[in-house]
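Report on the structure
Residue-level listing of the chains:
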Amino acid sequence: MSESAVVKPSVPQILPHHIKKNLADRSYEKRKSAALEVERIVKECNSDSKKDTERINMIINVLVKEYAYSTQANSRKGGLIGLAATAIALMDDIRGYLQLLLPPVLKCFEDQQSRVRYYACEALYNITKVARGSVLVFFNEIFDGLCKLFMDIDMDVKNGAQLLDRLTKDVVAETEFFDVEKFIPLLRERIKVKDPFIRQLIVGWITVLDSVPDIDILVHLPEFLGGLFDMLSDVNKDIRQQAYSALQEFLHEIKDNVKLDLGPMVGILVQQCETKDQFTRLTALSWMYEFIELGMIKLLPFLADMLGVVLLCISDEEEEIRLKANVTNKKLLKLVESTQEKFAIKALLNKITLHLVNKYVPTRLASLQWISMMLARKPETMFKHLPKLFPSLLDTLSDPDDKVVRLDLKVLARICVNKDHFDVVLNNLINRFKCDRNLLETRGSLIVRQLSVLLDGESIYRAFASILIKEVDYEFASLMVQTLNLILLTSSELFELRGLLKKSLNDTKSKELFVRIYQAWSHNAVSTFSLCLLAQAYELGRALVPHMAESEVTVGFLMQVDKLVQLIESPIFIHLRLQLLEPNKFPYLLKCLYGLLMLLPQSSAFACLKNRLDSVSTLSMLNTNTSAGKGSWMAGGRKEKPQTVEIDVKSILQQFRDMQLKHSERRKQIFKQHSLRRKRYSEEKKGVVRPTRVRDERKQ
């Protein structure tokens with residue numbers, strides 16, 4: 001070989017044989033001694049006089065390939081100690097060698113041998129201590145390694161990881177350049193891990209990063225906010241407390257940062273309000289309340305989602321959550337009431353109608369309050385959505401809770417305030433009664449009474465009468481009239497309407513009202529008769545009695561008459577009972593009541609009415625002047641106060657006859673439909689031949 005030939009140093013020349021041997025020795029002392037020798041050599045190579053970068057790289061390569069990546073555990077330990085010694089020797093010049101030093105150390109975090117993992121942790125600690133901020137280029141890899149070490153089953157490894165973690169936090173806190181955007185994706189992924197040690201690590205890092213003035217982690221809060229809320233339900237009390245403290249600090253910072261976009265976090269809060277953990281729900285509700293206070297109209301796009309969970313929490317089993325949900329709901333109500341901004345009202349109504357069938361009363365009540373408020377504030381907009389909303393409101397009338405039904409009726413009354421929707425509501429209500437007879441029986445009285453209070457009894461009864469006049473389901477019409485009549489005669493809410501009807505003979509408006517109601521009441525004979533008694537139209541009532549007798553006298557009919565007798569003894573008809581004391585002035589009244597008495601069989605009602613009539617002098621009845629002009633309608637023939645309104649008695653009586661005739665024809669039709677003989681006759685008429693029995697001759 002020529003003298004000019006370049007002779008590359010062999011491996012033993014890079015690291016002397018005895019150093020290599022000791023690095024792989026079982027004895028820690030020998031490995032440590034060898035590492036000190038490596039440190040000495042690297043220092044010499046890195047001295048200002050030499051700066052042998054190539055040999056340093058070669059030394060690191062030997063430590064990595066022959067030791068750190070060795071299949072022998074002791075060799076891996078020696079390699080890690082040697083790498084740490086190299087880092088210490090390089091000092092300020094370590095930055096250029098981190099690309100070679102860190103990967104093998106990080107790889108050893110996954111080693112099967114716990115002591116190797118410990119030495120890897122120790123090596124990274126020493127490298128970080130020397131490199132300081134320079135290692136942050138590999139921060140994600142270091143953090144990922146910390147996550148693995150924190151879950152380690154070996155306590156020495158865990159303790160070493162905690163020391164490394166504290167050192168890394170100090171390095172981050174003192175640096176001016178930290179790529180938080182690069183770290184956030186890893187944080188978002190790792191925060192989902194439920195291991196308690198990982199959670200402690202993560203919440204600790206979030207707190208540290210938030211405390212560094214030069215790092216704005218608040219703008220990235222939506223990326224990991226859900227994970228922090230999930231920690232509130234952790235079984236470990238310390239984790240729950242740390243997560244809650246971090247959340248409170250972030251909330252405080254949000255209040256001070258008016259420019260922060262709250263929208264991306266609203267969806268997270270909505271999800272957290274639906275979790276099973278009570279503390280999590282309460283904290284999420286508290287955040288939502290503050291967000292509404294801070295964001296105001298900016299949060300209108302998220303109104304439907306927020307209201308949906310607030311309505312759920314209003315019925316929460318935990319009192320503190322219910323209270324917070326109620327104040328949050330009021331805050332949302334106030335926001336919508338005061339705003340002139342547009343928002344997705346369709347989505348909002350979808351949420352509200354969904355909660356109208358919620359199993360909890362407070363939620364159903366709150367939902368109805370929202371509908372009522374929006375009808376009051378934004379009626380024109382709400383009316384556009386009535387076709388979809390209206391069926392839900394009608395269904396709510398069957399709610400088992402009276403408070404819900406009353407509030408539902410208030411909502412329907414708000415709709416009725418608009419003249420265009422008044423008849424629509426009452427028509428739908430009548431149809432609902434027709435389809436659901438149980439609703440009519442159980443809630444009919446409450447519904448009619450409340451609507452009469454919220455709107456006006458006169459207009460309600462006028463509208464009902466107009467609808468029932470055209471009703472072709474005569475059985476239902478009779479039942480409906482019977483129900484409305486009983487409410488009219490017994491409800492304190494309708495005292496003004498009763499007062500108007502009592503003036504029917506002396507006031508044009510009252511007369512017109514009486515005629516309208518009378519036409520509908522003709523569906524039910526007893527109700528028509530009682531209406532005449534209420535309006536003091538005794539002559540007309542007396543004329544009705546023979547026609548009532550012509551109708552089919554059923555058990556139901558007699559029960560209605562029995563009920564009427566009871567009502568005559570009630571305070572509603574006190575004026576009628578007093579008029580019995582003046583038979584000369586009210587002769588048709590006596591004839592009405594005696595006619596009613598003759599319709600009754602011997603019963604308690606018969607005895608009650610007979611006792612009442614027996615208290616009137618029979619002589620006075622015989623001397624009664626019944627010479628009032630035919631065809632005139634007077635209050636029992638009262639002479640001292642003649643009627644001021646003329647009514648065609650013959651015509652109005654004919655209306656009753658015609659209606660009762662329709663009822664009679666309908667009953668005949670129903671009878672024919674169920675008659676077997678009628679069916680046989682129809683089939684024969686159509687030429688249908690039924691098979692006859694033929695004897696089986698073979699059996700004879």
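Refer to the structure presented above.
This text gives an overview of the structure that appears in the document. (Residues numbered from 1 in each chain as written. Predicted model: local features only at pLDDT ≥ 70, side-chain atom pairs only at ≥ 80, totals over all residues. Heavy atoms only, no water.)

**Overview of the overall build of the protein chain**
Stated formally: Labels follow the DSSP assignment, with helices taken as runs of H or I lasting at least four residues and strands as runs of E lasting at least two, numbered in each case from the N terminus. We call two residues in contact when some of their heavy atoms are within 4.5 Å. Only the protein chains shown count as cover for residues, and the accessible areas themselves come from Shrake-Rupley with a 1.4 Å probe.
Helix and strand content of the protein chain: 37 helices and 0 strands. Of all intrachain contacts in the protein chain linking residues separated by at least 6 positions in sequence, the fraction that spans at least 24 positions is 70%. As presented, the protein chain carries roughly 35600 Å² of accessible surface, and 51% of it is formed by carbon and sulfur atoms.

**A short note on the nonpolar core**
The condition that has to hold: Note on terminology: a nonpolar core comprises buried Ala, Val, Leu, Ile, Met, Phe, Trp, Tyr and Cys residues joined through side-chain atoms within 4.5 Å. For every residue, the accessible area obtained with a 1.4 Å probe (protein chains only) is divided by the maximum for its type, and the residue is called buried under 20%, exposed over 50%, and partly exposed between those limits.
Membership of the largest hydrophobic core comes to 232 residues, with the highest contact counts inside it found for Phe224, Trp287, Phe291, Trp370 and Tyr461. The element best represented in this core is helix 22 (residues 402-416), accounting for 9 residues. Trp370 has contacts with Leu303, Leu307, Leu311, Asn329, Leu332, Leu333, Val336, Leu348 and Ile352, leaving out every residue within four places of it along the chain.

**Observations concerning empty space enclosed by the protein**
For clarity, the cut-off: In the cavity and pocket records, a cavity denotes points on a 1 Å grid over the protein atoms alone where a 1.4 Å probe fits but cannot get out, a pocket denotes an open set with protein on both sides within 12 Å along at least 5 of 7 lines, and lining residues are residues with an atom within 4 Å of a point. Grid points are joined across faces, edges and corners, and a volume is the space filled by probe spheres set on the points. Residues were grouped as follows: Ala, Val, Leu, Ile, Met, Phe, Trp, Tyr, Cys and Pro as nonpolar; Asp, Glu, Lys and Arg as charged; and all remaining residues, including Gly, as polar.
Under the definition given, this model contains 2 cavities of 30 Å³ or more. Reported here for the largest cavity is a volume of approximately 60 Å³. If you list the elements that add at least two residues to the lining of the largest cavity, you get helix 18 (345-355) and helix 21 (386-396). Looking at the lining of the largest cavity residue by residue, the classes come out as 2 nonpolar, 3 polar and 2 charged.

**Quick look at the packing of aromatic side chains**
For any pair of aromatic rings, the description rests on two quantities: the centre-to-centre distance and the angle between the ring planes. Inclusion rule: Pairing of aromatic side chains here covers Phe, Tyr and the six-membered ring of Trp, requires ring centres within 6.5 Å, and sorts the geometry by plane angle: under 30 degrees stacked, over 60 edge-to-face, intermediate tilted. Whether a charge sits over a ring comes down to the Lys NZ or Arg CZ being within 6 Å of the ring centre and within 35 degrees of the ring normal.
Counted under the stated rule, the structure contains 16 aromatic pairs. With a centroid separation of 5.0 Å and an interplanar angle of 70°, the aromatic rings of Phe139 and Trp205 are classed as edge-to-face. Note that Phe139 is positioned in helix 8 (residues 139-150) and Trp205 in helix 11 (residues 196-211), a separation of 66 residues in sequence. We classify Phe139 as buried; its relative accessible area is 2%. Relative to Trp205, the ring of Phe143 has its centre 6.2 Å away and its plane inclined at 80°; by these criteria the two rings are edge-to-face. With a gap of 62 residues between them, Phe143 in helix 8 and Trp205 in helix 11 connect regions that are remote in the sequence. The same class applies to Phe143 and to Trp205, which are both buried. The structure contains a cluster of three or more aromatic residues connected by ring pairs, namely Phe139, Phe143, Phe178, Phe183 and Trp205. Between the NZ or CZ atom of Lys324 and the centre of the ring of Tyr289, over which it lies, the distance is 5.1 Å.

**Concerning a nonpolar patch on the surface**
As a reminder, the rule being used: To count toward a patch, a residue needs a relative accessible area over 30% and no salt bridge; like charges are then connected within 9 Å, while nonpolar side chains (Val, Leu, Ile, Met, Phe, Trp, Tyr) are connected within 5 Å. Any carboxyl oxygen of Asp or Glu within 4 Å of a side-chain nitrogen of Lys or Arg constitutes a salt bridge here.
Taken together, the side chains of Ile574, Leu578 and Leu581 present a nonpolar region at the surface, about 330 Å² in accessible area. With respect to the helices, strands and loops of the structure, Leu578 is situated in helix 32 (residues 574-579).

**As for helix 33 (residues 587-599)**
This is how it is decided: Each residue after the first adds 1.5 Å to the expected span of a helix.
Look at helix 33: 19 Å from first C-alpha to last across 13 residues, which is about the 18 Å you get at 1.5 Å a residue. Most of helix 33 sits out of view: 10 of its 13 residues are buried. Three or more residues of helix 33 are buried, namely Pro587, Tyr588, Leu589, Leu590, Cys592, Leu593, Gly595, Leu596, Leu597 and Leu599.

**Describing the packing of helix 4 (residues 53-68) against helix 5 (residues 73-90)**
Each pair of packed helices can be summarised by the angle the axes make with each other and by the distance between the axes. Rules: Lines fitted to C-alpha atoms define the axes here, with helix axes fitted over just the stretch in contact, and angles between the N-to-C directions of these axes take values from 0 to 180 degrees. Under this scheme an angle from 65 to 115 degrees is roughly perpendicular, one under 35 degrees roughly parallel, and one over 145 degrees roughly antiparallel; angles in between are oblique. A clockwise turn of the near helix away from the far one marks a right-handed crossing, whereas an anticlockwise turn of less than a right angle marks a left-handed crossing.
Between helix 4 and helix 5, the least distance of the axes is 8 Å, while the angle of their chain directions is 160°. For the element pair helix 4 / helix 5, the angle class is roughly antiparallel. With respect to the hand of their crossing, helix 4 and helix 5 are arranged in left-handed fashion. Each of Ile56, Ile60, Leu63, Val64, Glu66, Tyr67 and Ala68 in helix 4 lies in contact with helix 5, whose residues at this interface are Ser75, Arg76, Gly79, Gly82, Leu83, Thr86 and Leu90. A breakdown of the residues in the contact of helix 4 with helix 5 according to their chemical character gives 8 nonpolar, 4 polar and 2 charged.

**Here we look at the pattern of salt bridges**
In this structure the tally under the stated criterion is 32 salt bridges. The residue Lys51 makes a salt bridge to Asp93 at a minimum N-O spacing of 2.9 Å. You can see Lys51 sitting in the loop between helix 3 (28-45) and helix 4 and its partner Asp93 sitting in the loop between helix 5 and helix 6 (98-107), a full 42 residues away along the chain. Under the relative-accessibility criterion, Asp93 is labelled partly exposed at 33%. Between Arg437 and Asp473 there is a salt bridge, with the nearest N and O atoms lying 3.6 Å from each other. One end of the pair, Arg437, is in helix 24 (residues 437-454); the other, Asp473, is in the loop between helix 25 (457-469) and helix 26 (474-490), and 36 residues separate them in sequence. The exposure class assigned to Arg437 is partly exposed, which follows from its relative accessible area of 26%. Overlapping salt bridges bring together Glu110, Asp144, Lys148, Glu189 and Arg190 as one network.

**Re the layout of surface pockets**
A volume near 980 Å³ is recorded for the largest pocket. Considering the residues around the largest pocket, the lining is formed by 38 residues, among which Ser478, Leu479, Gln482, Asn524 and Gln560 are closest to the centre. Every element with two or more residues in the lining of the largest pocket is listed here: helix 24, helix 26, helix 29 (525-534), helix 31 (555-568) and helix 36 (649-673). It is helix 26 that contributes the most residues to the lining of the largest pocket, 10 residues altogether. In terms of residue class, the lining of the largest pocket is made up of 14 nonpolar, 16 polar and 8 charged.

**Some remarks on the environment of Ala24**
With respect to the secondary-structure elements, Ala24 resides in the loop between helix 2 (17-23) and helix 3. Among the residues examined, Ala24 registers a relative accessible area of 30% and is labelled partly exposed. Ala24 sits 55 residues away from Gly79 along the chain, and the two C-alpha atoms are 8.0 Å apart. With near-sequence residues (within four places) excluded, Ala24 lies in contact with Tyr67, Asn74 and Ser75.

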